[in-house]
Each structure stands twice: as structure tokens, then as C-alpha cells.
Amino acid sequence: MWEKVLELVKHSTDPMVFSAFFSSVEPVSFADGLFSIRTNNALTAEYVKKNLGSFIEDNLSKEAGSPVTLKVIVNGEPEEESVTSPAPEEKESDKKVLRAQEPPKLNRNYVFSNFIIGPSNQYAHAAAYDVANNPGTSYNPLFIYGGSGLGKTHLMHAIGNAIYERDNSKRILYITCENFCSDFQASLSFKNNVHQFREKYRSNYDVILIDDVQHLSLVNRTQDEFFQLFEYLFANNCQIVMTCDKSPRELKNISDRLITRFEWGVVADIQPPDFETRQAIIKKKCQDRGFKIDDDVCSFLAGKIQNHVREIEGVLTRLRIYASVQNQPISIKLAKECMKEYVSDQNISLDVIKRAVAAYFDISISDLTSHRRPKNIAKPRQLAMFLCRSMTNSSLNEIAASFGGKDHTTVLYACKKIEETKNSDDELNFQIDALKKYIMKNRREESDR
Ligand code: ADP
Ligand code: MG
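Numbers given for residues are sequential positions, taken from 1 along each chain in its written order. The lettering of chains begins at A and the numbering of ligands begins at 1, in the order of writing. Reporting in this predicted model follows two pLDDT cut-offs: at least 70 for local features of residues, and 80 or more for side-chain atom pairs to be given and counted; totals over whole chains, interfaces and linings ignore these cut-offs and use all residues. Heavy atoms throughout the structure, all of them, feed into the side-chain values; hydrogens and water do not.

(A) Region of the structure containing the overall build of the chain. Helix and strand counts for the chain come out as 20 helices and eight strands. Three labels apply to residues, based on accessible area from a 1.4 Å probe with only protein chains included: buried if under 20% of the type maximum, exposed if over 50%, partly exposed otherwise in between. Looking at the 449 residues of the chain, the share that counts as buried comes to 45%. Partitioning the contacts of the chain with sequence separation of at least 6, the portion at a separation of at least 24 is 70%. In short, Shrake-Rupley with a 1.4 Å probe defines the accessible areas, and a residue's cover is counted only from the protein chains shown. Of the roughly 23000 Å² of accessible surface on the chain, a fraction of 48% belongs to carbon and sulfur atoms. The helix count covers DSSP runs of H or I at least four residues long, the strand count covers runs of E at least two residues long, and both are numbered beginning at the N terminus. The criterion used for residue contact is that any of the two residues' heavy atoms lie within 4.5 Å.

Here it is, written out as C-alpha cells:
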């Protein structure tokens, strides 16, 4: 099983990284859905867990025909530290009785002290901080919204951690809205389980943190249940905190009465961080991981990683790995190398991008460069122009010319349009990611040839 999955990992990973890391990894055991692998290097464990954990779990699960959890054991370290997934759900019988001492399931790394404040997030931070100091009394609910990877979940856990730290008798529940919905739907399939479901969510919590409410099911019954729960919690002075990728008003197909409730307390948005804030975040992340980077490397990275703070972590992990594998200090040269997938100056040709987009949407290249405008062509064309602009150094005029001699304002409009919609459109985000990866892979293959 391990060999098969390893083969898949090999094909989806940078060859240098693969040989550096997987040579020291060996399978140890597989029992009760838990697959353990071992390495003697903590960095390897960190890399494998963070970057490949879910990929490996998915493929092991496919091989096994049932869900598999991956555990990465570092020789000489306590084993519990290394589980990639959260602990399995408690048994049904445990759920009813909420033990006061049981710590809430929160990510302990997400705290206020390591959240960098800048103009883009200071309002959301201040509101979160206030709620953490006066839960249930200052603003209820607190609704935090903004694009992906900008720190919403971090702030939410920080609230929970701060409250619990001050008073560990507080009962705090963190749940993703997706889990809430599937929990409810599952309860509907068994008699009397709705009752248990309600008991679970109404068992005197002081704080409920509901992440990603954009995933609230569109099914009326689930929305009704959510509404009832909201009313119950609110009436019982439970602090409610929600995050979402859009503002309440922008949520489609959510009942008006829920939207109104979402706006009852404080609605705070988080915007992508500006350059200085990105620099500060990079510095802080390096510091927390116990290594230093020079200011010029820091500015270089801050200039390149613009939208997602989450990307910063991936890049820093890779940077450290590259430095250790190549036994080199962390320099701009090294940073450039490891930013290959994000950076534009990798001489990708406009043709590679057009070919990739045409193949992805199953249309022809001449469709992309034509002046026809049916939707199934217009959108891929805009996306292709956007990718040309963000992945190459070509000018607007050059891109316009390569798309059948269009005007440069057409390219500008396309880029603006994609830029505007991408944060609120998961499918589009997914397509952009998938296409970028595909294009980078093709580019590498072309240059290998
Ligand atoms: P979201 O929930 O908005 O998609 P997350 O809270 O998961 O984003 O944040 C993604 C990553 O970026 C996390 O590792 C988080 O710690 C980090 N992050 C985001 N914003 C900040 C910030 N202002 N300071 C420090 N880390 C941040
Ligand atoms: Mg989140």
C-alpha cells in the first residue's frame, strides 16, 4: 500500500524534495484505520504532515477502501504530537455529558500574540479582542468575513484560546458550519437523533465558534435548525462568533431572518494585508519557527506573496527545506527558486497558458483568440488573459496581440473582472489553482526536454 502511495507522491512532488525527504521515511504499522510512518527528522515530519498529509491520507484511504488517518512518528519524540488529523469524534455516549475540564478543541497555535495587526485587519482584530475580553456581553454575534487565507480562523481560535486561558471552566465549542450541517443531516436519518443533536449544541456553551458559514446548507430544514439554535444561544447569552468568505448581505439563498441575525452584533471584514503587514507576518512566522531571514529576502517574499497569508507558511517551509537540502544560507536566489510556482519571471510562454486553458475547458485555441462571446468561451478567455498577466512579464499590449489582436483594455477588463470575483468564487479559485499547477508542470516538462 505504502509503495503505491509513495509512487503517487513522487509524481506530485518536486524531485529534489522527494528524494531528500522520502528516503528517510518508512512505514511502521497499519491498524484500525491508523497508518503510521516513521522518520528520524523533525523537519521531514513537519513537511510531510503540512504539505502532503491529506494527499497521502486520501490515497491510503482509496487503497484501503475505508478512511485512513496518517500518523507521522519522529524517532525520539512523543508519538501523540505527530498525528495529522484531529482526534476522532468522541463516542456518542460521551457527548451528552460535557466535562468541564475537557479542553476545547482549538488550535493552540492560533492566539492573539502571534496575530500581526495591520490596516487590513485591525478592525476585525479589535472586535475579536473585545469579544475575548467580554464574551456574551460586548457584541453578539461577531461576524468576521474576508477572502481565503487572511486569518479569520486564526482570530476565531484566538478568541476561544484567550477565553479558555482566563477561565478554564468556560465551555467553548468550535465547529465548521459544514460539520454542523452534516451532523444535522445525519441526525435526521435516525429516529430521535434530532433530539440528541439539539442537546449537543444546547448544552450550556459559553462560546460557540462557527467557521465558514458560507457553507450553510441551502436546505430549508437545516437553515431552520440553524436559526432555532441561534435564537436559543442568543437568548442564553452564549457568545456566537462566525466567519464567512463574504458579508451577510452577499450570502445568496440564506433566509432573510438569518441574515438579519448575522448583522445584529458586529460585522468586521478582513482585507488582504499590505506590504508592511506582509513583511511583519513573514518575520513573525520565521521567528516562531526558530529561524531568521534577512530583510532583503523578507521584502522579496512580501512583494511576491500578495493575497494569501496562508501561502507564506508554505513558502517558508519550502525555503527552509531547500536551504537544508542544498546546505545553503537562505538568500534571494534560494527564495526565487522555491517560489517557482508563485513567481512570474519563469519565462512561461503565452502559448503554454493558452494551451492549458483550452485543454482544461475543452475548447480550441482559436476559440480563445476569436472574437466570439458565448459564455463557455468568454470566461475561459478572461481567465487565460488573467493568467497571462499574472504568470508572465508580458505587457497588456503583448497579451492583447496574442489573443487575436484585441485591444489592451479588453485584457485589463478581463484581469479586473477575475481579480474581483476570485475571492468570493470558490470554483474560480479552484480553477486558477489547478491551472497554475498544470501550467507550471508543463513548463517544467518542456524545459526538461
Ligand atoms: P482563513 O480562515 O481566513 O482562510 P486562516 O485563519 O486559516 O485564514 O489563516 C491562514 C494562515 O495565515 C494561518 O496559518 C494564520 O496563522 C496565518 N495568518 C493569517 N493572517 C495572519 C496575521 N495577521 N498574522 C499572523 N498570521 C496570520
Ligand atoms: Mg478559515
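(B) Highlighting the nonpolar core. Put simply, a nonpolar core is a bunch of buried Ala, Val, Leu, Ile, Met, Phe, Trp, Tyr and Cys residues held in one set by side-chain atoms that sit within 4.5 Å of each other. Core analysis: the largest hydrophobic core is formed by 71 residues, its most contacted members being Phe22, Ile56 and Leu301. At eight residues, helix α13 (residues 309-326) tops the list of elements feeding residues into this core. In this structure isoleucine 56 touches Trp2, Val5, Val9, Phe22, Val48 and Leu70, once residues within four positions along its chain are discounted.

(C) Quick look at the packing of helix α17 (residues 375-391) against helix α19 (residues 408-422). Orientation is described by lines fitted to C-alpha atoms, with helices fitted over the stretch in contact, and by angles between N-to-C directions that extend from 0 to 180 degrees. Here α17 crosses α19 at 95°, and the two axes come no closer than 8 Å. When the axes of α17 and α19 are compared, the pair comes out roughly perpendicular. Along its contact with α17, which presents Gln382, Leu383, Met385, Phe386 and Arg389, the element α19 presents Thr410, Val411, Tyr413, Ala414, Cys415, Lys417, Ile418, Glu419 and Lys422. Taken together, the residues that form the contact of α17 with α19 break down as eight nonpolar, two polar and four charged. Oblique is the label for any angle not under 35 degrees, not over 145, and not in the 65 to 115 range, which are roughly parallel, roughly antiparallel and roughly perpendicular in turn. For this scheme, ten residues count as nonpolar: Ala, Val, Leu, Ile, Met, Phe, Trp, Tyr, Cys and Pro. Four count as charged, namely Asp, Glu, Lys and Arg, and the remainder, Gly too, count as polar.

(D) Spatial organisation of the layout of surface pockets. Here a cavity denotes a set of grid points, spaced 1 Å apart and computed over the protein atoms alone, in which a 1.4 Å probe fits but from which it cannot get out, and a pocket denotes an open set meeting protein on both sides within 12 Å along at least five of seven lines; residues with an atom within 4 Å of a point are reported as lining. Grid points are joined across faces, edges and corners, and a volume is the space filled by probe spheres set on the points. Looking at the second largest pocket, its volume works out to about 560 Å³. In this structure, the second largest pocket is lined by 23 residues; those nearest its centre are Asp245, Lys246, Glu250, Ser424 and Asp425. The class makeup of the residues in the lining of the second largest pocket is seven nonpolar, eight polar and eight charged.

(E) Structural detail: the environment of glutamate 231. The residue glutamate 231 is located in helix α9 (residues 220-235) in this model. Owing to a relative accessible area of 29%, glutamate 231 belongs among the partly exposed residues under this scheme. C-alpha of glutamate 231 to C-alpha of leucine 258: the two residues are 27 residues apart in sequence and 9.9 Å apart in space.

(F) Just the sheet that holds strand β2 (residues 34-39), in detail. Pairing is mixed in the open sheet, where three strands are placed in the order β1-β2-β3. This sheet does not close on itself; its edge strands, each paired only once, are β1 (26-31) and β3 (69-74). In this sheet, adjacent strand axes meet at a mean angle of 25° when their direction is disregarded. Think of it this way: DSSP has to see at least two bridges between two strands before they count as a pair. Pairing between β2 and β3: six bridges, direction parallel. Across the sheet, residue leucine 34 finds its bridge partner in β3, namely threonine 69.

(G) Here's a closer look at the site of ligand 1. Residues are classed as near a molecule or strand on a simple rule: at least one heavy atom within 4 Å of it. The environment of ligand 1 is formed by 18 residues, the closest being Gly149, Lys152, Thr153, His154 and Glu313. Here a polar contact is taken to be a pair of N or O atoms separated by no more than 3.5 Å, where protein atoms must pair a possible hydrogen donor with a possible acceptor and residues adjacent in sequence count only if both atoms sit in side chains. The contact in question runs from a nitrogen atom of ligand 1 to an N or O atom on the backbone of isoleucine 116, over 2.8 Å. In this structure, asparagine 121 approaches ligand 1 through a side-chain N or O atom, which is 3.4 Å from a nitrogen atom. Protein contacts shield 95% of the accessible area of ligand 1, which totals 560 Å² for the unbound molecule. Classifying every residue of the shell around ligand 1 gives six nonpolar, eight polar and four charged.

(H) Inspection of the sheet that holds strand β5 (residues 172-176) at higher detail. Judged by pairing direction, the sheet is parallel, and its five strands sit side by side in the order β5-β6-β7-β4-β8 without closing on themselves. The open sheet terminates on both sides in strands that have one partner only, identified here as β5 and β8 (266-270). Going from strand to strand, the sheet's axes swing by 15° on average, the running direction of each strand aside. As paired strands, strand β6 (residues 207-211) and strand β7 (residues 239-244) are joined by four bridges and run parallel to one another. Bridge pairing in β7 places valine 207 opposite glutamine 239.

(I) Molecular detail of the packing of helix α3 (residues 42-64) against α13. Direction vectors running N to C along α3 and α13 enclose 145°, while the axes themselves pass 11 Å from each other. Crossing of α3 against α13: the hand is left-handed. Counted together, Leu43, Glu46, Tyr47, Lys50 and Asn51 of α3 and Glu313, Thr317, Arg318, Arg320, Ile321 and Ser324 of α13 form the full contact between these two elements. Each residue belonging to the contact of α3 with α13 can be placed in one class, and the counts come to three nonpolar, three polar and five charged. With the far helix as reference, a near helix turned anticlockwise by less than a right angle produces a left-handed crossing, and one turned clockwise produces a right-handed crossing.

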